[in-house]
Protein chains: 2
Amino acid sequence: MTNEESEPKRPAATRAATMKDVAARVGVSIKTVSRVVNGHDDVHPDTRARIEAAMKELNFRPNVMASMIRRRGGRTASIGLVVEDLANPFMAQLARAVADSALCRQHLVLIGSSDGDPERERELVAVFLTRRVDGLIIVPSGDDQSYLKAETDRGLPIVFVDRLGQRIEADAVVSDNASGTAQAVRHLLAHGHRRIGYLGDLRGFYTAQARLQGYEEALRAATGGVDPRLVRMDVHTVAQAEQEARALLGSDDPPTALLCGNNLITVGALHALQALDLRQKVALIGFDDQDLAHLLTPALTVVAQDVPAIGRTAAERLFLRLNAQPDEQAPYERLTIPVTLIPRGSGEIPAGAPAEHGDRADR
Amino acid sequence: MTNEESEPKRPAATRAATMKDVAARVGVSIKTVSRVVNGHDDVHPDTRARIEAAMKELNFRPNVMASMIRRRGGRTASIGLVVEDLANPFMAQLARAVADSALCRQHLVLIGSSDGDPERERELVAVFLTRRVDGLIIVPSGDDQSYLKAETDRGLPIVFVDRLGQRIEADAVVSDNASGTAQAVRHLLAHGHRRIGYLGDLRGFYTAQARLQGYEEALRAATGGVDPRLVRMDVHTVAQAEQEARALLGSDDPPTALLCGNNLITVGALHALQALDLRQKVALIGFDDQDLAHLLTPALTVVAQDVPAIGRTAAERLFLRLNAQPDEQAPYERLTIPVTLIPRGSGEIPAGAPAEHGDRADR
DNA sequence: TTGTATGCGTTATCAA
DNA sequence: TTGATAACGCATACAA
């Protein structure tokens, strides 16, 4: 890191103007200024004009913190969002959707990344609650969100996203994971595949369970059974995914197609296919879309989640509860967002395709 | 979207406990509770224990809003971050780094997306200022940030990121863009290329200017001149990038290598190369790393920015100013973060490479 | 149409 | 070591 020269500065560090300052300058009471700030119409146009002028001159901005304390309900017009990792594209899209929905309703979003650590999740929630957020949207980690019971009991709205909150009753917004893998399975079956390998994340994860379930049900419905040797769960890193994919493909009766339970697994499986020179021969469908997916050869067929819809729906649900009276709250619900299969090539390779001529050009 | 059944609820919607409640329960004055909350050591251990017990029972959480009003300095322990689009991976990584740095210092981050619209940027800043953020980190849009002068004058720290703020004096943290394209040019020259095409974003963008400059300077230093026919600026969409790349490659004396000024341009250029069956023949280097870059064939050589370092540095700079006295502020600086060339294959294709046998399998 | 008094939850001052 | 009280910036009820 290099530094470049520049000029000094001398900030005044003066206190920000308050309503009292504005009132004093105009020569009216603070209450009249308050009326103007809050848009009441029972102010003389002249007075209003002079007050507005003074506000501009003094660069006055109402102090939301102070007003929140006094205002009935004590709302802060802010909500907390706990994601797993904001740098992850899925989570980032989610955060964007939530932030936009909130901003439309004049609310701000406090965002924190738990990194999948339940303790960090709790710390973040604690920080947000200290800031008096009006509600929480949480991508839950671990298997126990009962620590939030005290908050839901006192009426704080909480919406879980992507996964279900456990040991607690609350709303949740999730993708139709099972339908996604089921669609993928049927798609592969339609292209002649009968042996479809499945690579899934840790069994403890809600999404991993749901996606596996969709795979198994679709397969059972169509072919009557699932070959357990084709299923590898608890795959949690790119390296593990590559290893398990290699194992599957190197077995006696290898799969002609692979279904990958998430992005990282897809990358690992692609590494394996590439190393074994099977990219053109073995079909592959990934869960979650990726930026360059359409530029791979063959282009990557994926089950895509509607991430903006997930975020928007979660925020809408939260605001629904926020705006409802305590005695007329709707029952908790699980809201399910549809997913879409996007065929791009890798999922349309037919079963038993000959290795065209196995071209690689990696460097 | 489908709904699933669940059970009703009946939240009490009770007011959150205050220090007064805690004091009443223990039978001490509110001030003593305050001392415990703020970790002062002049409290009798017994009293402290009883107070801490009561706080737990009542689920007491200090109200930061209220404390902020009274506390001298009036700090809110929050900062505002304006990015272009939080859903964009670069911006998401940036936000994550800033949020982490802030959290380490007990500060929270308010995040908003301007979508490159200067007016939206100003609106977001206004919202943040109403929330009394202690400082701002901004990815500036447009060519005029003078509207922030009133804030810097009163001592509010502002750090610009990724681009320079214009018509205003403030700190800025940017990548060493010129060095990045210069490195890329030298890399291509070393692989025998003499005709290197450049595709850049809108000339109005700081990053586009800096990157073009690096390209031109490196080329002039090595070969004595820049062929203007090889440079296409103001390319702002994938479609435009594909079109310009096609035009360059279809010209009389076409480039043997392409240097792309950003991610979208890279994607467009890859489309063009793929359509013309030149992926194995024409070298390509992109600016900014992408998730699946190493899985393309050939894998994508890129100039990668150290996004976490950018975010961290910006936050550190902001807190430096936040913690310094008004009369001992350092001069404004432009902090430059190094970039790294990551060779993966596409940038190492030699000049005049024969079309191996032009294999495509796009579908 | 405008102003006064009081209170929100907390911290700061000063006294006990 | 503890407490009474004023003050922060604003909103609310009520009075003028």
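All values derive from a computational prediction rather than experimental measurement.

## Some thoughts on helix α8 (residues 177-190) of chain A
Residue and element names in this part refer to chain A.
- Over its 14 residues, α8 extends 20 Å from the first C-alpha to the last, a length consistent with the 20 Å expected when each residue adds 1.5 Å.
- What α8 keeps buried is the set Asn177, Gly180, Thr181, Ala182, Ala184, Val185, His187, Leu188 and Leu189.
- With its phi angle positive at about 95°, Gly192 sits one or two positions after the end of α8.

## Quick look at empty space enclosed by the protein
- Per the stated rule, a full pass over the model turns up five cavities of 30 Å³ or more.
- In this structure, the largest cavity encloses a volume near 180 Å³.
- Mapped onto the lining of the largest cavity, the elements with two or more residues apiece are α4 (64-70) of chain A together with α4 (64-70) and β3 (108-113) of chain B.

## Re the UniProt feature "domain: HTH lacI-type" (unreviewed entry) in chain A
- With numbering aligned to this structure, UniProt lists the feature "domain: HTH lacI-type" (unreviewed entry) at residues 17-71 of chain A.
- Taken end to end, residues 17-71 of chain A has its terminal C-alpha atoms 20 Å apart, with 67% of it in helix and 0% in strand.

## What to know about the packing of helix α10 (residues 238-249) of chain B against helix α11 (residues 263-275) of chain B
Residues and elements named next belong to chain B.
- Running from N to C, α10 and α11 cross one another at 50°; their axes reach a closest spacing of 7 Å. Put simply, α10 runs oblique to α11. For the pair α10 and α11, the sense of crossing is right-handed. Where α10 abuts α11, its residues Val238, Ala241, Glu242, Ala245, Arg246 and Leu249 lie against Leu264, Ile265, Val267, Gly268, Ala269, His271, Ala272, Leu273 and Ala275.
- When the residues that make up the contact of α10 with α11 are grouped by side-chain class, the tally is 11 nonpolar, two polar and two charged.

## Some thoughts on the protein's contact with DNA strand D
- Every one of the 27 residues lining DNA strand D counts as a neighbour, but A:Met19, A:Lys31, B:Thr32, B:Thr47 and B:Arg70 are closest to it.
- Protein-adjacent atoms of DNA strand D, using a 4 Å cutoff, are sugar or phosphate at a proportion of 60%.
- B:Thr47 places a side-chain nitrogen or oxygen 2.6 Å from a phosphate oxygen of DNA strand D.
- Here B:Arg70 contributes a side-chain N or O atom positioned 2.3 Å from a base nitrogen of DNA strand D.
- Listing elements by their share of the surface near DNA strand D, those giving two or more residues are α1 (19-26), α2 (30-37) and α4 of chain A together with α2 (30-37) and α4 of chain B.

## Let's talk about the side chain of A:Arg211
All names here are of chain A.
- Along the chain, the position of Arg211 falls in helix α9 (residues 206-223).
- Despite its burial, Arg211 remains without a salt bridge, the nearest opposite charge being carried by Asp288 at 4.7 Å.
- Not counting chain neighbours up to four residues away, the residues in contact with Arg211 comprise Asn177, Thr181, Tyr198, Gly261, Asn262, Phe287 and Gln305.

## Considering the packing of aromatic side chains
- Evaluation of the coordinates by the stated rule reveals two aromatic pairs over all chains.
- The lysine or arginine in question, A:Arg163, covers the ring of A:Phe205, its NZ or CZ lying 6.0 Å from the ring centre.

## Looking at the relation of the copies chain B and chain A
- With an RMSD of 0.2 Å, the fit of chain B onto chain A corresponds to turning through 180° and sliding 0.0 Å along the axis. The relationship between the two copies is best expressed as a two-fold rotation axis.
- Interface overlap between copies: 99% of the residues of chain B at the interface are likewise at the interface in chain A, consistent with a symmetric, same-surface contact.

Conventions we followed
- Residues numbered from 1 in each chain as written.
- Chains lettered and ligands numbered in written order.
- Predicted model: local features only at pLDDT ≥ 70, side-chain atom pairs only at ≥ 80, totals over all residues.
- Heavy atoms only, no water.
- Helix = DSSP H or I, 4+ residues; strand = E, 2+ residues; numbered from the N terminus.
- Expected span 1.5 Å × (residues − 1).
- Buried < 20%, exposed > 50% of the residue type's maximum accessible area, 1.4 Å probe, protein only.
- 1 Å grid on protein atoms, 1.4 Å probe; cavity = no way out; pocket = protein on both sides within 12 Å on 5 of 7 lines; lining within 4 Å.
- Points joined across faces, edges and corners; volume = space filled by probe spheres on them.
- UniProt positions renumbered as here; feature names shortened; annotations may be inferred.
- Axes fitted to C-alpha atoms, helices over the stretch in contact; angles between N-to-C directions.
- Parallel < 35°, antiparallel > 145°, perpendicular 65-115°, else oblique.
- Left-handed = near helix turned anticlockwise from the far one by under 90°.
- Contact = heavy atoms within 4.5 Å.
- Nonpolar A, V, L, I, M, F, W, Y, C, P; charged D, E, K, R; others polar.
- Near = heavy atom within 4 Å.
- Polar contact = N/O pair within 3.5 Å; in protein donor to acceptor, adjacent residues only side chain to side chain.
- Lys, Arg positive; Asp, Glu negative; His and termini not counted.
- Salt bridge = Lys/Arg side-chain N within 4 Å of Asp/Glu carboxyl O.
- Phe/Tyr/Trp six-rings, centres within 6.5 Å; stacked < 30°, edge-to-face > 60°.
- Lys NZ or Arg CZ within 6 Å of the ring centre and 35° of its normal.
- Least-squares fit on C-alpha atoms with pLDDT ≥ 70 in both.

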